[in-house]
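# Coordinate inspection notes
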Amino acid sequence: MSKSDINIKIKDREGIVHNIEAPTDMAMNLMEVVRSYELAPEGTIGVCGGMAMCASCQCYVLSETELPEMQDDEEAMLSEAFYVKDNSRLGCQIQITLEMEGLEVELAPES
Ligand code: FES
């Protein structure tokens, strides 16, 4: 594990928890991390390409990890998405940084 990687726990849609290492130096967001580890079938996550326009990357934040504040487009998309909870975020709007070490999320159901 390189110094620029962080540990993240991601529970997939089958309920399986994956402990993965995510790079902080590759300008990746959480949706792209899920895709690169193939934790959700192709075509069920990242449908809009990370534009906050599809909600296929919705996840529930389970840890107390400090995350960047929601921007208007993320908030707007979540206000019309399915299965939204208080701890919902769009994975594509969360850029991976060192501060997110220990982050735990669960992928929201496919809608
Ligand atoms: S990938 Fe479409 S909203 Fe995140």
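Residues numbered from 1 in each chain as written. Predicted model: local features only at pLDDT ≥ 70, side-chain atom pairs only at ≥ 80, totals over all residues. Heavy atoms only, no water.

With that out of the way, let us pick up empty space enclosed by the protein. Gaps between atoms show up when a probe of the same size as a water molecule is rolled over them. The final tally for this structure, using the stated rule, is one cavity of 30 Å³ or more. The volume enclosed by the largest cavity comes to roughly 40 Å³. Every residue lining the largest cavity is listed: R13, A55, S56, Q58, F82, Y83, A108, P109, E110 and S111. Among the residues forming the lining of the largest cavity, the class breakdown is five nonpolar, three polar and two charged. (1 Å grid on protein atoms, 1.4 Å probe; cavity = no way out; pocket = protein on both sides within 12 Å on 5 of 7 lines; lining within 4 Å. Points joined across faces, edges and corners; volume = space filled by probe spheres on them. Nonpolar A, V, L, I, M, F, W, Y, C, P; charged D, E, K, R; others polar.)

For the rest of this paragraph, the subject is helix α2 (residues 72-80). Of all the residues in α2, the buried ones are E74, M77 and L78. The buried residues of α2 all sit within an arc of 95 degrees when viewed along its axis, so they share a single face. Seen from the open side of α2, the exposed residues pointing more than 90 degrees away from its buried face are D72, S79 and E80. Elements in contact with the buried residues of α2: β3 (58-61) and β4 (88-90). (Buried < 20%, exposed > 50% of the residue type's maximum accessible area, 1.4 Å probe, protein only. Helix = DSSP H or I, 4+ residues; strand = E, 2+ residues; numbered from the N terminus. Arc of directions from axis to C-beta. Contact = heavy atoms within 4.5 Å.)

Before going further, it helps to spend a moment on the environment of K85. Counting through the fold element by element, K85 comes out in the loop between α2 and β4. Put simply, K85 and G43 are 42 residues apart on the chain and 23 Å apart in space, counted from C-alpha to C-alpha. Once residues lying within four places of it in the same chain are set aside, the contact partners of K85 are Q58 and Y60.

What links the strands of a sheet is backbone hydrogen bonding, and the strands pair in either a parallel or an antiparallel sense. Read across the sheet, five strands follow the order β2-β1-β5-β3-β4 without closing on themselves; strand pairing throughout is mixed. In the strand order of this sheet, the two ends are held by β2 (17-23) and β4, each with one partner. Direction aside, the axes of adjacent strands within the sheet are offset by 40 degrees on average. The strands touched by α2 are β3 and β4; relative to β4, the strand with the most contacts, the crossing angle is about 125 degrees. (Pairing = 2+ DSSP bridges. Axes fitted to C-alpha atoms, helices over the stretch in contact; angles between N-to-C directions.)

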